[in-house]
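Each chain is listed here by its residues.
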Amino acid sequence: MRLMYTPNAFKKLLPRKDFFVEDTQEQIADIIHGKDPRLLLILGPCSIHSKTAAIEYGKKIKALSCLVEKEALIVMRTYFEKPRTSDGWKGFLNDPNLDESYDLEKGLLEAREILLTLNKMKVPVAMEFVDPNYALYLEDLVSWGCVGARTCSSQPHRHLAARLTCPMGFKNSIHGNLEPAVFSLNAARRPQTFFAPDGDFLPSVIKAPGNPNTHLVLRGSDLKPNCDSRSIHKAMLLLEQEEIKTHILVDCGHGNSQKNPKTQLDVVKNVLKLKRDEGLPICGLMIESHLEEGRQDLSARPIKDTLSITDSCLAFETLKKTILELTHPVNQQSVSQPATCSQPL
């Protein structure tokens, strides 16, 4: 079965309207290079499985962003692919109906519609690129991209990162090793020539210019976190040896919280204390949250739109309270009213 649209045709079918993505990519790049003192906060569900819930979460992100815009740039996690260690649901792009019908064309169509809606709302989005074949369909709407722990040493993902325009974070391996991610992000900074499909999905020799905005994401391992002072200094030393000067982003979930969603809040507070007290080059944090706290099994029926079907997540209201406490400790504000930012994010 062939897909109806090539990436180029797909973008013409559902075109974007402005330069919001480029503007936010530039702002994120300034943050990871230390030129912008704001904190980069990448917040959102472990995975997207409902179009309705994604837009509702985006509205809450927009409202919160407007309250902390001087202190932080908030980017919403819109993860439509899920890498699997063994097996399981591979994400909205692969199975949007959640029933193993694998309607990939619907997954691509609805994912792009979600991203277009969020961009129209002026909500920057983040994606992990798992299958490079999907990237060309959506990359023009993505403000921050990620290569995950299971693919951080993959050569095709190095090539993809060198090809994309969004700042790209490389996570350390699932075993906690930093070297695969650091070596890969360094390679992705340089021009790369490789064989891959072009925008019309024709086999081509791609000459990628390299991506100067690749950076390291610390996510811990199954055995222990790596967001403490010693681990961050170790990462800094390795980056210095490779002559990489970008700041570090900390994933507060996964190994750094041992997948306990509430532990993420402790990680947030501890990492920001290290940043403040030791002046460590930490540019941002990633935190998993959803409209409701916890998770549900995919086998549950009915499946709730508002509750994660992959990793357990914090409730948005809990996360909001923590962010406001950290950025506005004296005068917390409500985000229940519609947001009107003084200027676009």
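First things first, this report covers the structure right here in the doc. (Residues numbered from 1 in each chain as written. Predicted model: local features only at pLDDT ≥ 70, side-chain atom pairs only at ≥ 80, totals over all residues. Heavy atoms only, no water.)

1. With respect to the overall build of the chain
Okay, so step 1: From N to C terminus, the chain includes ten helices and eleven strands.
Okay, so step 2: What you see for the chain is a C-alpha radius of gyration of 19 Å, in line with the 20 Å of a compact globule of 345 residues.
Okay, so step 3: In terms of its C-alpha atoms, the chain occupies a principal-axis envelope of roughly 55 × 50 × 40 Å.
Okay, so step 4: Burial analysis of the chain (345 residues in total) assigns 56% to the buried set.
Okay, so step 5: Look at the contacts in the chain between residues 6 or more apart in sequence, and 70% of them connect residues 24 or more apart.
Okay, so step 6: Roughly 15400 Å² of accessible area belongs to the chain as shown, and the carbon and sulfur atoms make up 51% of that amount.
Okay, so step 7: Charge-centre separation for the chain: the mean point of 43 positive side chains lies 2 Å from the mean point of 42 negative side chains. (Helix = DSSP H or I, 4+ residues; strand = E, 2+ residues; numbered from the N terminus. Rg over C-alpha atoms; globule rule 2.2 N^0.38 Å. Buried < 20%, exposed > 50% of the residue type's maximum accessible area, 1.4 Å probe, protein only. Contact = heavy atoms within 4.5 Å. Areas by Shrake-Rupley, 256 points an atom, 1.4 Å probe, with all protein chains shown as cover. Lys, Arg positive; Asp, Glu negative; His and termini not counted. Charge placed at Lys NZ, Arg CZ, Asp CG, Glu CD.)

2. A few points about the packing of aromatic side chains
Okay, so step 1: Overall, the coordinates contain five aromatic pairs when judged by the stated rule.
Okay, so step 2: The interplanar angle of 50° and the centroid separation of 6.2 Å between the aromatic rings of Tyr5 and Phe10 together place this pair among those described as tilted.
Okay, so step 3: Using a relative accessible area of 26% as the deciding quantity, one classes Tyr5 as partly exposed.
Okay, so step 4: Ring geometry for Phe80 against Phe92: centres 5.9 Å apart, planes inclined by 50°, an arrangement best described as tilted. Here the residue Phe80 occupies a position in the loop between β2 (72–77) and α4 (104–120), and Phe92 occupies one in the loop between β2 and α4, the gap between them amounting to twelve residues. Here Phe80 and Phe92 have matching classes, each one buried.
Okay, so step 5: Counting every residue linked through ring pairs, the aromatic cluster contains Tyr5, Phe10, Tyr137 and Phe201.
Okay, so step 6: Sitting over the ring of Tyr79, Arg77 keeps its end group 3.8 Å from the ring centre. (Phe/Tyr/Trp six-rings, centres within 6.5 Å; stacked < 30°, edge-to-face > 60°. Lys NZ or Arg CZ within 6 Å of the ring centre and 35° of its normal.)

3. Some words on helix α8 (residues 229–241)
Okay, so step 1: Taking 1.5 Å as the rise per residue, α8 with 13 residues should run 18 Å; its terminal C-alpha atoms sit 18 Å apart, in good agreement.
Okay, so step 2: Every buried residue belonging to α8 is among Ser231, Ile232, Ala235, Leu238 and Leu239, and all of these are buried. Buried residues of α8, viewed axially, fall in a sector of 120°; they line one side. Exposed residues on α8 whose side chains face more than 90 degrees from its buried face are Arg230, Lys234, Glu240 and Gln241.
Okay, so step 3: Where α8 is buried, its residues meet α7 (179–188), β8 (214–218), β9 (248–251), α9 (263–278) and β10 (282–290).
Okay, so step 4: Two or three places before Arg230, at the opening of α8, Asp228 has a side-chain oxygen 3.2 Å from that residue's backbone nitrogen.
Okay, so step 5: In the segment just after α8, Glu243 is the residue with positive phi, at about 60°. (Expected span 1.5 Å × (residues − 1). Arc of directions from axis to C-beta. Polar contact = N/O pair within 3.5 Å; in protein donor to acceptor, adjacent residues only side chain to side chain.)

4. Description of the packing of helix α6 (residues 155–163) against α7
Okay, so step 1: Interaxial distance between α6 and α7 falls to 8 Å at its minimum, and their mutual angle equals 45°. Classified by the angle between their axes, α6 and α7 sit oblique to one another. The interaxial crossing formed by α6 with α7 has right-handed handedness. In contact with Arg158, Ala161 and Ala162 of α6, α7 contributes Phe183, Ser184, Ala187 and Ala188.
Okay, so step 2: Its residues assigned to classes, the contact of α6 with α7 comprises five nonpolar, one polar and one charged. (Axes fitted to C-alpha atoms, helices over the stretch in contact; angles between N-to-C directions. Parallel < 35°, antiparallel > 145°, perpendicular 65-115°, else oblique. Left-handed = near helix turned anticlockwise from the far one by under 90°. Nonpolar A, V, L, I, M, F, W, Y, C, P; charged D, E, K, R; others polar.)

5. Considerations on the pairing of β10
Okay, so step 1: Of all nine residues that make up β10, nine are buried, and the element is covered over most of its length.
Okay, so step 2: Relative to β10, strand β1 (residues 39–44) runs parallel, the two sharing five bridges. Paired with Gly44 across the bridge in β10 is Glu288.
Okay, so step 3: For β9 and β10, the ladder comprises four bridges, and the chain directions are parallel. Of the residues in β10, the one forming a bridge with Val250 is Leu285.
Okay, so step 4: With respect to chirality, the unit in which β9 leads through α9 into the neighbouring parallel β10 is right-handed.
Okay, so step 5: In this structure, β10 lies alongside strand β11 (residues 314–315), joined through two bridges in parallel fashion. Bridging across to β11, His290 finds its partner in Ala315. (Pairing = 2+ DSSP bridges. Right-handed = clockwise from strand over helix to strand, strands pointing away.)

6. Concerning unusual backbone geometry
Note: most residues except glycine have negative phi, and most peptide bonds are trans.
Okay, so step 1: The amide bond that connects Arg301 to the next residue, Pro302, takes the cis arrangement and shows omega of -5°.
Okay, so step 2: Of note, Pro302 is situated in the loop between β10 and β11.
Okay, so step 3: The phi angle at Leu98 is positive, at roughly 60°, despite the residue not being glycine.

7. Let's talk about the pairing of strand β3 (residues 125–128)
Okay, so step 1: Where burial is concerned, the two faces of β3 agree: the one with Val125 and Met127 and the one with Ala126 and Glu128 are both buried.
Okay, so step 2: Examined bridge by bridge, β3 and strand β4 (residues 144–147) share three bridges and lie parallel to one another. Each bridged residue has a counterpart across the sheet, and for Ala126 the counterpart in β4 is Trp144.
Okay, so step 3: Between the parallel pair β3 and β4, the chain is carried across by helix α5 (residues 132–138), and the sense of this crossover is right-handed.

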